[in-house]
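Survey of secondary and tertiary structure
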Amino acid sequence: MRVAYICADPGIPVFGTKGASVHIQEIVRAWRAHGDDLRLYCTRRGEDVPADLADVPLTEHQVPIVRAEEREQAQYEAAEYLAAAALADGIDLVYERYSLFSTALSIIVSEAGVPGILEVNAPLIAEQRLYHSLHDEDRAVDILRQQAAAASRIACVSEPVAQWAQELAPLAEDRTLVAPNGVNVSRIRSAAERGERPVVVFVGTLKPWHGVDVLIEAAAQARQDWQLRIIGDGPEAEPLRTLARELAVDVEFTGALAPERIPAALAECSIAVAPYPATDREEQQYFSPFKIFEYCAAGLAVVSSRVGQIPHILKDQSTGILVEPSNPTALRDAVDTLAADPDLRHTLAAAARQDAVDSHSWDSVLTKILQGVQL
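Let us look at the structure shown here. Being a predicted model, the structure only gives us computed values, none of them experimental.

Per the secondary structure count, the protein includes 14 helices and 13 strands. Compactness check: the protein gives a C-alpha radius of gyration of 21 Å against a globular reference of 21 Å for 375 residues, within 12% of the reference. Summarising its shape, the C-alpha atoms of the protein cover approximately 65 × 40 × 35 Å along the three principal directions. In the protein, which comprises 375 residues, the proportion classed as buried is 56%. Looking at the protein alone, contacts between residues at least 24 apart form 70% of all its contacts between residues at least 6 apart. Accessible surface, the protein as shown: approximately 15700 Å² in total, 46% of it carbon and sulfur.

Next comes the structure, spelled out in structure tokens:
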């Protein structure tokens, strides 16, 4: 089957290091493992091309850097271009990562009569209004409704995302499902601990909503001997380095790593942390935490804030330790407990790895999304 994967979001390089980029790459791998002929259509290619995806045919149509209202129109036109390119190539199914102002899926479904799958990863209209600028919100909502109406399947990464989409674009229940993120359990594997001093790791883009400042504050209070490593880059990188210096915390900042380097980096660690902060409203915790799945697949003992989907992923503490968000003392106590108890962290790590293999592989995610779709 010939599959067109479309990402018209200019903020996401399909071959990049951010979580959204890795998500695209893993879904592409899952489609190819499924035996399908997949082509990528995007507005931003990126430069970090994994060796196993270097042969994927790709069409890029960049969005120019212009004012907000001009950018929205440029995104709309870019999606039209990508849809036309996919139609010209001839496809049997279109799979689109939901992007603001993209009508690509609806165009292809209408003109080619093929199935369409719309993957919704975040409440983008609300995000754009809150964090950036949204000139024509009415048009954005109309386009979401158009895309949803054309899709054979709407796959949402969490229940809050599904509820948000349902409020704006009432969706048929038999076409909508919640399909959380997954992990490549072949690429990321567990490894034996190295050295006597546990390495505690965070992986992710350094932005305020990841709560890495709380992790550094917890490290400053540590009563056990553990090394903190922060893998990633972003707008909070320098403030976090400043905080570490002020608190006299020994932190290794590696910067961003290409996805293919993450497995080896995790293999050097013992404990992994996802210190998401508290938010004003529960619906703000709409994400499907990609890093949690990678931590589990790597066979690490996980400590995470008790927010959003995470209690369900960590099986109510049977595969990790949950703490109250924005509480450095509680976070410190959990990490200290694991640092002092190798048997406990090995037990949690083994359970986390097994759960990742059994329930959270990308193949299982794609299989769930495709279930019931007439191919």
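Picking up after the structure, the text goes on.
The next point concerns the packing of aromatic side chains. Enumeration according to the criterion identifies four aromatic pairs in this entry. When the ring of W31 is compared with that of Y95, the centres are 6.0 Å apart and the planes differ by 80 degrees; the resulting orientation is edge-to-face. Taken as a pair, W31 in helix α1 (residues 19-33) and Y95 in strand β4 (residues 93-97) lie far apart in primary sequence, 64 residues in all. Here W31 matches Y95 in class, with each residue buried. Both rings, one in Y98 and one in W164, keep their centres 6.3 Å apart while their planes meet at 45 degrees; by these two values the pair is tilted. Of this pair, Y98 sits in the loop between β4 and α3 (104-112) while W164 sits in helix α6 (residues 159-168); the two residues are 66 residues apart in sequence, bridging distant segments of the chain. Judged by its relative accessible area of 4%, Y98 falls in the buried class.

Across the sheet, which stays open at both edges, the six strands sit in the order β10-β9-β8-β11-β12-β13 with parallel pairing between neighbours. Where the open sheet ends on each side, the last strands, each with one partner, are β10 (251-255) and β13 (321-323). The mean angle between the axes of side-by-side strands here comes to 20 degrees, regardless of whether they run parallel or antiparallel. Judged from the four bridges that link them, strand β11 (residues 271-274) and strand β12 (residues 301-305) form a sheet pairing that is parallel. Bridged to A274 within β12 is S304.

Moving on, we come to the pattern of salt bridges. Inspection of the entire model under this criterion finds 16 salt bridges. Of the charged contacts in the structure, one is a salt bridge between R187 and E26, with a shortest N-O distance of 3.2 Å. One end of the pair, R187, is in the loop between β7 (176-178) and β8 (199-203); the other, E26, is in helix α1, with 161 residues separating them in the sequence. For E26, a relative accessible area of 2% gives the class buried. The shortest N-O distance in the salt bridge between R245 and E238 comes to 3.5 Å. By relative accessible area, which is 56% here, R245 ends up exposed. The network of salt bridges with common partners includes E26, R29, D52, R187 and E294.

Let us now look at the pairing of β11. What you see with β11 is no split at all: I271 and V273 on one side and A272 and A274 on the other are buried throughout. Taken together, the two bridges between β8 and β11 define a ladder with parallel strand orientation. Residue V201 lies in a different strand from β11, and its bridge partner there is A272.

With phi around 70 degrees, F101 is a residue other than glycine that occupies positive phi space. Structurally, F101 is set in the loop between β4 and α3. A positive phi angle, near 60 degrees, is found at S326, a position not held by glycine. Here S326 shows up in the loop between β13 and α12 (328-340). On the basis of relative accessible area, S326 is assigned to the partly exposed category, the value being 39%.

So, how was this worked out
- Residues numbered from 1 in each chain as written.
- Predicted model: local features only at pLDDT ≥ 70, side-chain atom pairs only at ≥ 80, totals over all residues.
- Heavy atoms only, no water.
- Helix = DSSP H or I, 4+ residues; strand = E, 2+ residues; numbered from the N terminus.
- Rg over C-alpha atoms; globule rule 2.2 N^0.38 Å.
- Buried < 20%, exposed > 50% of the residue type's maximum accessible area, 1.4 Å probe, protein only.
- Contact = heavy atoms within 4.5 Å.
- Areas by Shrake-Rupley, 256 points an atom, 1.4 Å probe, with all protein chains shown as cover.
- Phe/Tyr/Trp six-rings, centres within 6.5 Å; stacked < 30°, edge-to-face > 60°.
- Pairing = 2+ DSSP bridges.
- Axes fitted to C-alpha atoms, helices over the stretch in contact; angles between N-to-C directions.
- Salt bridge = Lys/Arg side-chain N within 4 Å of Asp/Glu carboxyl O.

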